[in-house]
Amino acid sequence: MRLRPIAGIFLRQLYLFRSSPVRILPTFAWVAIDIVVWGFLTRYLNTVAGTQINFVPSLLGAVLFWDFFTRIMQGVTTAFFEDVWSRNFLNLFATPLSISEYVTGLVLTSIVTSIAGLAVMLVLATVVFGLSFGALGLMLFPFILVLFLFGIALGVFASAIVLRLGPASEWLVWPMPAMLSPFVGVYYPLATLPAWMRAVGHLLPPSYVFEGMRALVHGEPFSGTALLLGGGLALLEMLLAGYFFARVFRYTVRTGLLARYSAESVG
Amino acid sequence: MPATLYRPLEQLSAVDQPKLATVLGVADLCKSYAHIVAVERISFSVHRNEIVGLLGPNGAGKTTTINMILGVLAPTSGSIRIGGIDVTKRRSQALARTNFAAVYATLPGNLTVAQNLRFFGLIYGVADLTRRIETLLDQFDLRRLRNTRCGVLSSGEQTRVALAKALLNRPQLLLLDEPTASLDPAAAQGVREQIRGLAREQDCGILWTSHNMYEVEEVCDRVLFLSHGRILLEGDPRTLPREHGVRSLEELFIQLAREPLDATREAAK
């Protein structure tokens, strides 16, 4: 893998951000709105529940983690969509650029935009609503790492879907995080779910993060093995997503889909 | 036109082609889909300092051939070598030696001229990129447009930017798919002069497609007539019409384009 083409992919996104407030705003706005809405909701729940339960770390912390995961995933897909929207595939893939360089460039873009979003969320959640990560301690970092890896995996997988099915399938991608959220137990323990949903949840790495986070916040026993399993799953799923993207790319080159991509076809 | 009118390609290749360094070698190239054969066993080469015209009616297989050379469409069989490197086996190394401009592949309109050149320059791994960009901005008279977004440029300006991008990596092989299609006659003349200069001075071979036969006569050293996915004719565009008993290249083109598929197959044998 060469560094300059990766820098090129990243620089292109930077140019777009620099010249367009429309692109910068969503990086902060939606996550900030989410934190504000859930911040006030947790305050209200705390007044209803009295002093017995503090909803801030479990609910607001979960929202923050989930929004971070969503930003990572959408950071990859949005960077990919820029090439879909500008019909740039022919220019891009008729160059020496390799698929791994291209995907790495997308991931790099996502890291930067997601960290910016995370910073805004952290400031709002801690300063305005008093969220503290004290209960999580150093476990905060592996939690974020697992969400990061799975966000990349889902972003790369979703991009491959759009590459295979055509530009209109972009509409399948936006609701993906929302479709997964019931299975990973963002706001409730997996035990709440029926058996089949729980089984799906166990295949999704964020489940292990949210279970672990709730255990630590409520002072219950925390399973490091389960988190390791989640991390391993996230890594495996990221590698599988990369493999899937490469397979789809080869398919589009073989069938001619890539060459006539802007003609938008499913077949 | 009778099939016997065509000279066998093999004879032409042996006799007429100058012994120059080959920048593009295409051998027995085929592309077929489920029920369609888009390109059927074509072989040709492009040499350094040579401009080769790839001609043919719509649907003849020109763009399919160019897409395969650019590595965005996999051949069903056959080989493509750019500067001696196989595109299928060593894609990145082969594509580093080529570049292209096509009327249907405009550069991202939301980036400025200079941003597009820097973006593609990094992807092609161009050394001393800043200086190369400045040189190309001068060469294609783009300096005053450097901070203008490509999406708002006129067709002629966009063509000049596409050509500047196509020369970023000093390609050994330059592919130009109808580069003057959307230009007025004066702008087209300017582009033709620039491209002839490139072939002469920059040591590259050029594969050019166009439907403008006057342009082809003016620019190309050699032409290949493609029809129904097969090469029917190859030769000097200035002498081919006379050799085949017609008045102009355009007339020859029209006759070849109207050949039914069976006659085309017979002629290409």
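Just so you know, these numbers come straight off a predicted model, no measurement behind them.

Caption draft 1: Seen up close, the overall build of chain A. A tally of regular secondary structure across chain A gives 11 helices and zero strands. The order of helices and strands in chain A, counted from the N terminus, is α-α-α-α-α-α-α-α-α-α-α. Along the three orthogonal principal directions, the C-alpha set of chain A runs to about 60 × 40 × 30 Å. Long-range contacts, defined as pairs at least 24 residues apart, comprise 77% of the intrachain contacts of chain A with a sequence gap of at least 6.

Caption draft 2: Just the sheet that holds strand β1 (residues 22–32) of chain B, in detail. Residues and elements named next belong to chain B. Here we have four strands laid out as an open sheet, ordered β2-β1-β4-β5, and antiparallel in their pairing. Strands at the two margins of the open sheet, each flanked by one partner only, are β2 (37–47) and β5 (85–86). With five bridges connecting them, β1 and strand β4 (residues 77–82) associate as antiparallel partners. Bridging from a neighbouring strand, Val26 pairs with Ile80 of β4.

Caption draft 3: Structural context of the domain arrangement of chain B. Residue and element names in this part refer to chain B. Looking at the assigned domains, one finds that chain B contains domain 1 (3–97 + 172–268) and domain 2 (106–170). Contacts between the two partners involve 10 residues from domain 1 and, on the opposite side, 10 residues from domain 2. Looking at the side of domain 1 that touches domain 2, its residues break down into seven nonpolar, three polar and no charged.

Caption draft 4: Representation of helix α10 (residues 249–257) of chain B within the structure. All names here are of chain B. Among the residues of α10, Leu249, Leu252, Phe253 and Leu256 are the ones counted as buried. Buried residues of α10, viewed axially, fall in a sector of 100°; they line one side. Each element contacted by the buried residues of α10 is listed here: β3 (51–55), α8 (213–219), β9 (222–227), β10 (230–235) and α9 (240–243).

Caption draft 5: Examining the nonpolar core more closely. Core analysis: the largest hydrophobic core is formed by 158 residues, its most contacted members being A:Phe65, A:Leu147, A:Ala153 and B:Ile206. Among the elements that take part in this core, helix α3 (residues 55–85) of chain A stands out by supplying 16 residues, more than any other. For this core, the domains that each give at least three residues are domain 1 (3–97 + 172–268) and domain 2 (106–170) of chain B. Among residues more than four places away in sequence, those in contact with A:Phe65 are A:Phe143, A:Leu147, A:Val209 and A:Met213.

Caption draft 6: Summary view of the pairing of β1(B). Residues and elements named next belong to chain B. Here β1 runs beside β2; their pairing, made up of seven bridges, is antiparallel. Across the sheet, residue Val26 finds its bridge partner in β2, namely Phe44. Between the end of β1 and the start of β2, which pair antiparallel, lie four residues.

Caption draft 7: Quick look at unusual backbone geometry. In this structure, A:Arg87 is a non-glycine residue whose phi angle is positive, near 50°. Judged by the 16 C-beta atoms lying within 10 Å of it, A:Arg87 falls in the partly exposed class. The backbone of B:Glu178 sits at a positive phi, close to 50°, despite the residue not being glycine. Position of B:Glu178 among the secondary structure elements: in the loop between β7 (173–177) and α7 (185–201). Classification of B:Glu178 by C-beta neighbours within 10 Å gives partly exposed; the count is 18.

Caption draft 8: The arrangement of the interface of chain B and chain A in detail. Counting residues at the interface gives 23 residues for chain B and 24 residues for chain A. For the side of chain B that touches chain A, the secondary-structure elements that each account for two or more residues are α3 (91–95) and α4 (113–123) of chain B. The dominant element in the side of chain B that touches chain A, judged by the number of residues it contributes, is α4(B), at five residues. Looking at the side of chain B that touches chain A residue by residue, the classes come out as 15 nonpolar, seven polar and one charged.

Caption draft 9: Expanded view of the confidence of the model for chain A. The predicted model of chain A averages 89 in pLDDT, with 97% of residues at 70 or higher. The low-confidence segment residues 263–267 of chain A (pLDDT under 50) makes seven contacts with residues lying over four places distant or belonging to another chain.

Caption draft 10: Inspection of the sheet that holds strand β6 (residues 98–102) of chain B at higher detail. Residue and element names in this part refer to chain B. As summarised here, the arrangement of the six strands in space is β6-β7-β8-β3-β9-β10, forming an open sheet in which the pairing is mixed. Among the strands making up the open sheet, the edge pair consists of β6 and β10. Averaged over neighbouring strand pairs, the angle between their axes works out to 20° when direction is ignored. In terms of strand pairing, β3 meets β9 through four bridges, oriented parallel. Directly across from Val52, in β9, lies its bridge partner Arg222. Those strands touched by helix α2 (residues 62–69) are β3, β7, β8 (205–209) and β9, and its axis lies near 150° from that of β7.

Here is what the cut-offs are and how they apply
Every chain's residues receive numbers from 1 upward, in the order its sequence appears when written. Working convention: letters from A go to chains and numbers from 1 go to ligands, in the order in which they are written. Where local features are concerned, this predicted model is filtered to residues with pLDDT of at least 70; where side-chain atom pairs are given and counted, the filter is 80 or more; whole-chain, interface and lining totals use all residues. Helix and strand definitions follow DSSP, with helices as H or I runs of at least four residues and strands as E runs of at least two, each counted in order from the N terminus. In this description, any two residues whose backbone-derived C-beta atoms lie within 7 Å of each other are considered to be in contact. One bridge is not enough; two strands pair if DSSP finds at least two bridges between them. Domain borders in the structure are assigned automatically or taken from a domain database. The nonpolar class holds Ala, Val, Leu, Ile, Met, Phe, Trp, Tyr, Cys and Pro. Asp, Glu, Lys and Arg form the charged class, and all remaining residues, Gly among them, are polar. Counting other C-beta atoms within 10 Å of its own, a residue is labelled buried from 20 upward, exposed at 12 or fewer, and partly exposed in the gap between, with every C-beta atom placed from the backbone. Working definition: the arc comes from the directions between the helix axis and the C-beta atoms, pointing outward to the latter. The nonpolar core criterion groups buried Ala, Val, Leu, Ile, Met, Phe, Trp, Tyr and Cys residues into a set whenever they are joined through C-beta atoms within 7 Å. Confidence scores per residue from the predictor, reported as pLDDT, run from 0 to 100. Only the stretch in contact is used when fitting a helix axis, every axis being a line fitted to C-alpha atoms; angles between N-to-C directions are given from 0 to 180 degrees.

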